[in-house]
Amino acid sequence: MELTVNIGRLKLKNPVMTASGTFGYGEEYSEFVDLNKLGAIVVKGLSITPREGNPAPRIIETPAGMLNAIGLQNIGVKTFIKEKLPFLKKFKIPVIVNFFGDSIEEYVKAAEGLSKADGVDALEMNISCPNKQAGWIVFGTDPKVAFEVVNAVRKATDLTLIVKLSPNVTDIALMAKVAEDAGADAVSLINTITGMAIDIRTRRPKLANITGGLSGPAIKPIAVRMVYEAYRAVNIPIIGMGGIMNSEDAIEFMIAGATAVAVGTANFVNPSVTLDIIKGIESFMGKGGIMDVKNLVGGLRC
Amino acid sequence: MELTVNIGRLKLKNPVMTASGTFGYGEEYSEFVDLNKLGAIVVKGLSITPREGNPAPRIIETPAGMLNAIGLQNIGVKTFIKEKLPFLKKFKIPVIVNFFGDSIEEYVKAAEGLSKADGVDALEMNISCPNKQAGWIVFGTDPKVAFEVVNAVRKATDLTLIVKLSPNVTDIALMAKVAEDAGADAVSLINTITGMAIDIRTRRPKLANITGGLSGPAIKPIAVRMVYEAYRAVNIPIIGMGGIMNSEDAIEFMIAGATAVAVGTANFVNPSVTLDIIKGIESFMGKGGIMDVKNLVGGLRC
Amino acid sequence: MLQVGKTYDPLLKRPFCIFKREGNVIQFVYRIRGKGTRLLSNCKKGDIIQAIGPLGNSYPAPKKDFIAVAGGIGIASLFPLLERFKNKAFLFYGARTKNELVMINKAKSLAKKIFTTTDDGSIGQKGLITDVLNDFLENRTMPVYAGGPMPMLQKVSDIVAGRGIECYASLEEHMACGVGACLGCVVKTVSGYKRVCKEGPVFPIEEIVW
Amino acid sequence: MLQVGKTYDPLLKRPFCIFKREGNVIQFVYRIRGKGTRLLSNCKKGDIIQAIGPLGNSYPAPKKDFIAVAGGIGIASLFPLLERFKNKAFLFYGARTKNELVMINKAKSLAKKIFTTTDDGSIGQKGLITDVLNDFLENRTMPVYAGGPMPMLQKVSDIVAGRGIECYASLEEHMACGVGACLGCVVKTVSGYKRVCKEGPVFPIEEIVW
Ligand SMILES: Cc1cc2nc3c(=O)[nH]c(=O)nc-3n(C[C@H](O)[C@H](O)[C@H](O)COP(=O)(O)OP(=O)(O)OC[C@H]3O[C@@H](n4cnc5c(N)ncnc54)[C@H](O)[C@@H]3O)c2cc1C
Ligand SMILES: Cc1cc2nc3c(=O)[nH]c(=O)nc-3n(C[C@H](O)[C@H](O)[C@H](O)COP(=O)(O)OP(=O)(O)OC[C@H]3O[C@@H](n4cnc5c(N)ncnc54)[C@H](O)[C@@H]3O)c2cc1C
Ligand SMILES: Cc1cc2nc3c(=O)[nH]c(=O)nc-3n(C[C@H](O)[C@H](O)[C@H](O)COP(=O)(O)O)c2cc1C
Ligand SMILES: Cc1cc2nc3c(=O)[nH]c(=O)nc-3n(C[C@H](O)[C@H](O)[C@H](O)COP(=O)(O)O)c2cc1C
Ligand code: FES
Ligand code: FES
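All values derive from a computational prediction rather than experimental measurement.

## A closer look at the overall build of chain A
Logical step 1: Looking only at helices and strands, chain A has eight helices and 18 strands in total.
Logical step 2: Relative to a compact globule of 302 residues, whose C-alpha radius of gyration would be 19 Å, chain A shows 18 Å and is just as compact.
Logical step 3: Seen along its three principal axes, the alpha-carbon backbone of chain A occupies a region of about 55 × 50 × 40 Å.
Logical step 4: Across the 302 residues in chain A, those meeting the buried criterion constitute 67%.
Logical step 5: Considering only contacts within chain A whose residues lie at least 6 apart along the sequence, 70% involve residues at least 24 apart.
Logical step 6: Once the 32 positive and 30 negative side-chain charges of chain A are each reduced to a mean point, those two points are 2 Å apart.

Written out as structure tokens, the structure is:
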């Protein structure tokens, strides 16, 4: 049975990876998961300089989902390379580093810094971040700005470049196309959907940051639809995510058009869920006589 | 205790109405709900000519939500006026008629037809419909097209005009502003979010229509956020909806900025939920010493 | 329609036939199919669940002997008929396997004659119940009442077509409201889409467009 | 962290203190607070729920007599200490009302001395446990261990501040992963945000920025 898939120049032994920000820097879950079994690991988003993040509460549960407003807290590219990468290098799986900036310059600097490091196999750029220059409007919601920042990063790195798209847009297919045109080797979607919750007794937002990102099974129907739309718009591989809780969900994303999938919130519910998903995909393929997992990709029959 | 709120020239005895498409033409729920107790009733979307709607399956449950692809099945403006309006006229509550078209001309015709009928108190125009002229791109996702269609309808009717916004946009505040500028007396949001679900065994979409609209508690955090954003952009009243299941949810929308709320999917879960919500709001006000429900509106403390 | 859980997942009520109603007691018979019915089966004595009903129509009363065709848990829709018209039914009851022929003994005692099949032959004849029905029908023109999965109903429809046989089928479709408001549960008929929860679940079989 | 339901609502595990651990048996003591704990309380004997733990740190062992301050169900975090160091604790135990002073007799038997308050005066002294603590402390410098709601902990912090008293607080924050990966459960400390699930839940109280 063939489980391998390719994302840019990466060859994954199976299509299941972790979603950025939900799996720390890998270490945190290594008690629960044999990291060597994963398709790839995607680490928490990094910026060129460390970020403190938002005050608490940062997390609120919602029906079949959760809102988070971590505020992109991270240790910065340098400390990551020094303190976290050596641990990750011990494993025989691709390490994909998620990163962001609040200006094109910061994106480029982070990409350059990470590209020089030994042990980083690919970059995933998170463009769901507010743009300092453009009045804090999110990079990933304006096609022109998105093109510009992706293109600038493309020129700054030779690594496989994955662009992580924001779902808070009118036309996800267009944004996927823009990323492709700007030189991305793959797109990943979806990032969290902006939401909020209010404590009606105090009349205050439940999150200190007022709004946060919605993730989990609640958003899966939206995410599957967006993968389906993006798949028909681009020729580069898609990494699908948003509410994947089990192997059936993962397969659903693949049929919609995802070459690989990333598991986020589900890790919190079951720390070894990624391994269950890999096993579940294998057994689904076994039962259905599917020899190559790539045959699932985009296999939707309408 | 003051429960009344105003939407355009409508005076509602309380802020709780039904969401279009989830309460039929009122009759269907009249066994469960004393319609006279509602703030207003909003009926299923009408078009100038009847529509057959989509094949089955039209409904799929999702985690804490549901997808629907009814396909805007309706009996048409004329039959509505003849067969359904007489029943609704017997009640002492405002009847708000939701309508749509697939061209500006159809919108205008439906608005004109409904405005002439005795017993229609306000119009809610659903702009989440594909535009025949603009290559079936949804009216409500392009600010220019949205302005044009709302403005055309504004000129065609003297009734209170509510514009129902699509959440499938990058900038809901902008769309609310466009509706206001084009002459809307109020905006209602959110309509369903486009989603899909796939049967992994048959590899077919679970809905005959491929995609459908996501509603229910799953989308509440997104809806509350959008109401909050729209509230800061416009001066006309907002009717908030999306996943309201109980009075606490309704109050949350009001604090975010909604003058009134509409209850959709929750009717399916509990057919008399609207009455429970009205009672719940009253008791919340009683306990909190809130004399006027309007004092909740936009009362978020950040 | 019965509430199956107390949280928002699952969200919607589930439709079931009223199996029996005596005084204040209403009985349902159901198969554990997915997560809703599984949760329902965890209910303990004394638990309270919301319910609305009865909804929609039911089979018209047969005037003479009749044929009842049940596929699996589809038997639930036919039981009230079997009870009301004891020893009048030729019951054709098929299922995938032995233990999906639920309440087979009860059914046997109510029917005039019973024919059973299973897909795997674990009890009764091996094969499809519709094949047995087809053989039995020959020139008979008794009314036919059918409840079961769509493919079975479609076969029944083919079998009775053009033979002047009165035939009613109880349909299943995904439902949200159960009261005719959402237009979610439609079936295509010769006179357009009809709501299974309101105009149905029982339809004259010749009206259905497959 | 304990799984509280079998569906996606509620979704996340809930954090609880390990109240007692003997061989294969782990005990928890919890208050029904919202929908998760309510669901948990419906568990029947034999039900299986997922759990991960133990997670994070615990109170450092006291070297002599010590003060334990518990607010409501915050007592759960202190019990292991009371059991391990019998008759060494001056226990200050406050709650809103009588029946929220859970396991008060057990606590009494383990403590050297117990002081109780309730907000409504239904048992013990009426008022806040921190006021009683404040009076008691005077010039004493015993180490203080505190578990309870944030406002109580903040008062404890004010009381011990600048008096050279060793003081540890067990904090509560909303959690998602429980293993330090999501950065969701942070508390602001003098050296930046720290994760309650990983660097905590117990922190030297003077490190916390209120
Ligand atoms: C009018 C009518 C009467 C019925 N009577 C009975 C009965 O007496 N006994 C019995 O065992 N079953 C009956 N069914 C089928 C029963 O409603 C489904 O088995 C049940 O809804 C499955 O729910 P689930 O959560 O376990 O399955 P899931 O597959 O998890 O359900 C997911 C969703 O699909 C819907 N769904 C799944 N299967 C069906 C189906 N066959 N028909 C309609 N919706 C479905 C559910 O309602 C739910 O919204 C009847 C259906 C209808 C329409
Ligand atoms: C380290 C730690 C140890 C704890 N130990 C105990 C214990 O031994 N016994 C006990 O009764 N309670 C304990 N709590 C509090 C307990 O976790 C909450 O009461 C519980 O999560 C509430 O869940 P719910 O679904 O009933 O409430 P809801 O209010 O419905 O919960 C909604 C969400 O808020 C979170 N939440 C609500 N209250 C708290 C809280 N106080 N702390 C953290 N998250 C919260 C929930 O985890 C959930 O994500 C502890 C909390 C922490 C952080
Ligand atoms: C707590 C948390 C932190 C996250 N941090 C990041 C991040 O740093 N960078 C990023 O691109 N996405 C981040 N995400 C988004 C996830 O990677 C993923 O796109 C999203 O959660 C949807 O998947 P899920 O529903 O499986 O969680 C974060 C999500 C969560 C829940
Ligand atoms: C079955 C169904 C049919 C609907 N039909 C319409 C419609 O005809 N016109 C319209 O503007 N909105 C329609 N809606 C959207 C609802 O009015 C509402 O905006 C949406 O469902 C969000 O609210 P909820 O989560 O409370 O259901 C429909 C929703 C559902 C679930
Ligand atoms: S279930 Fe809503 S119309 Fe039948
Ligand atoms: S709960 Fe995730 S870091 Fe603490």
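## So, the packing of aromatic side chains
Logical step 1: Scanning all chains against the criterion turns up 32 aromatic pairs over all chains.
Logical step 2: The interplanar angle of 70° and the centroid separation of 6.0 Å between the aromatic rings of Phe-99 of chain B and Tyr-107 of chain B together place this pair among those described as edge-to-face.
Logical step 3: Connected via pairs of aromatic rings, a cluster forms that spans Tyr-59, Phe-66, Phe-85, Tyr-145 and Tyr-168 of chain C.
Logical step 4: Arg-58 of chain B extends its terminal NZ or CZ atom over the ring of Tyr-193 of chain C, reaching a point 4.7 Å from the ring centre.

## What about the pattern of salt bridges?
Note on pairing: side chains with opposite charge can pair once their charged atoms come close.
Logical step 1: As enumerated under the stated definition, the model contains 49 salt bridges over all chains in all.
Logical step 2: Residue Glu-61 of chain B pairs with Arg-14 of chain C through a salt bridge whose shortest N-O separation is 2.9 Å. Remark: Arg-14 of chain C occurs in the segment before strand S1 (20–22) and Glu-61 of chain B occurs in strand S5 (residues 59–62); the pair is interchain, linking two chains.
Logical step 3: On the basis of relative accessible area, Arg-14 of chain C is assigned to the buried category, the value being 17%.
Logical step 4: Among the ionic pairs, Lys-220 of chain B bridges to Glu-252 of chain B, the shortest N-O distance being 2.9 Å.

## Digging into the site of ligand 4
All names here are of chain B.
Logical step 1: Neighbouring ligand 4 are 22 residues; Ser-20, Lys-164, Gly-216, Gly-243 and Thr-265 lie closest to it.
Logical step 2: Contact distances for ligand 4 include 2.7 Å between an oxygen atom and a backbone N or O atom of Ser-20.
Logical step 3: Here an oxygen atom of ligand 4 sits 3.0 Å away from a polar atom, N or O, in the main chain of Ile-190.
Logical step 4: In isolation ligand 4 offers 600 Å² of accessible surface; the protein chains occlude 98% of this area.
Logical step 5: Classifying every residue of the shell around ligand 4 gives five nonpolar, 15 polar and two charged.

## A few points about the relation of the copies chain D and chain C
Logical step 1: Turning chain D through 180° and shifting it by 0.0 Å along the axis lays it on chain C, with an RMSD of 0.0 Å. Interpreted geometrically, this transformation is the action of a two-fold axis. When C-alpha positions in chain D are compared against the rotation axis, the closest is assigned to Asp-9 of chain D, at 2.7 Å.
Logical step 2: Comparing contact sets, 100% of the residues at the interface of chain D also lie at the interface in chain C, consistent with an isologous, same-surface contact.

## Quick look at the pairing of strand S8 (residues 167–170) of chain D
Residues and elements named next belong to chain D.
Logical step 1: By the alternation rule, side chains of S8 split into Cys-167 and Ala-169 and Tyr-168 and Ser-170, which are all buried.
Logical step 2: As defined by bridge partners, strand S7 (residues 144–147) adjoins S8 across four bridges and the pair is classed as parallel. The residue bridging Val-144 from the neighbouring strand is Cys-167, located in S8.
Logical step 3: With respect to chirality, the unit in which S7 leads through helix H5 (residues 150–160) into the neighbouring parallel S8 is right-handed.
Logical step 4: As defined by bridge partners, S8 adjoins strand S11 (residues 202–204) across three bridges and the pair is classed as antiparallel. Note that in S11 the partner of Ser-170 across the bridge is Val-202.

## Thoughts on the packing of helix H3 (residues 143–156) of chain B against helix H4 (residues 172–181) of chain B
Residue and element names in this part refer to chain B.
Logical step 1: At a minimum axis separation of 8 Å, H3 and H4 run at an interaxial angle of 30°. Regarding the angle of H3 to H4, the classification is roughly parallel. As for how H3 packs across H4, the hand of that crossing is right-handed. Residues Pro-143, Ala-146, Phe-147 and Val-150 of H3 pack against Leu-174, Met-175, Val-178, Ala-179 and Asp-181 of H4.
Logical step 2: Classifying every residue of the contact of H3 with H4 gives eight nonpolar, no polar and one charged.

## Observations concerning the sheet that holds strand S17 (residues 238–240) of chain A
Residues and elements named next belong to chain A.
Logical step 1: Judged by pairing direction, the sheet is parallel, and its eight strands sit side by side in the order S3-S18-S17-S12-S11-S8-S7-S4 without closing on themselves. Looking along the sheet, the strands with just one partner apiece sit at the ends: strand S3 (16–18) and strand S4 (41–46). Averaged over all neighbouring strand pairs, the angle between strand axes comes to 25°, with direction disregarded.
Logical step 2: Sheet analysis places strand S12 (residues 186–189) next to S17, joined by three bridges and oriented parallel. Counted as the bridge partner of Val-187 is Ile-238 from S17.
Logical step 3: Where helix H1 (residues 76–89) meets the sheet, its contacts fall on S4 and strand S7 (95–99), and the angle it forms with S4 comes to roughly 160°.

Rules and cut-offs
- Residues numbered from 1 in each chain as written.
- Chains lettered and ligands numbered in written order.
- Predicted model: local features only at pLDDT ≥ 70, side-chain atom pairs only at ≥ 80, totals over all residues.
- Heavy atoms only, no water.
- Helix = DSSP H or I, 4+ residues; strand = E, 2+ residues; numbered from the N terminus.
- Rg over C-alpha atoms; globule rule 2.2 N^0.38 Å.
- Buried < 20%, exposed > 50% of the residue type's maximum accessible area, 1.4 Å probe, protein only.
- Contact = heavy atoms within 4.5 Å.
- Lys, Arg positive; Asp, Glu negative; His and termini not counted.
- Charge placed at Lys NZ, Arg CZ, Asp CG, Glu CD.
- Phe/Tyr/Trp six-rings, centres within 6.5 Å; stacked < 30°, edge-to-face > 60°.
- Lys NZ or Arg CZ within 6 Å of the ring centre and 35° of its normal.
- Salt bridge = Lys/Arg side-chain N within 4 Å of Asp/Glu carboxyl O.
- Near = heavy atom within 4 Å.
- Polar contact = N/O pair within 3.5 Å; in protein donor to acceptor, adjacent residues only side chain to side chain.
- Areas by Shrake-Rupley, 256 points an atom, 1.4 Å probe, with all protein chains shown as cover.
- Nonpolar A, V, L, I, M, F, W, Y, C, P; charged D, E, K, R; others polar.
- Least-squares fit on C-alpha atoms with pLDDT ≥ 70 in both.
- Pairing = 2+ DSSP bridges.
- Right-handed = clockwise from strand over helix to strand, strands pointing away.
- Axes fitted to C-alpha atoms, helices over the stretch in contact; angles between N-to-C directions.
- Parallel < 35°, antiparallel > 145°, perpendicular 65-115°, else oblique.
- Left-handed = near helix turned anticlockwise from the far one by under 90°.

Distances and angles like these do not, on their own, reveal function.
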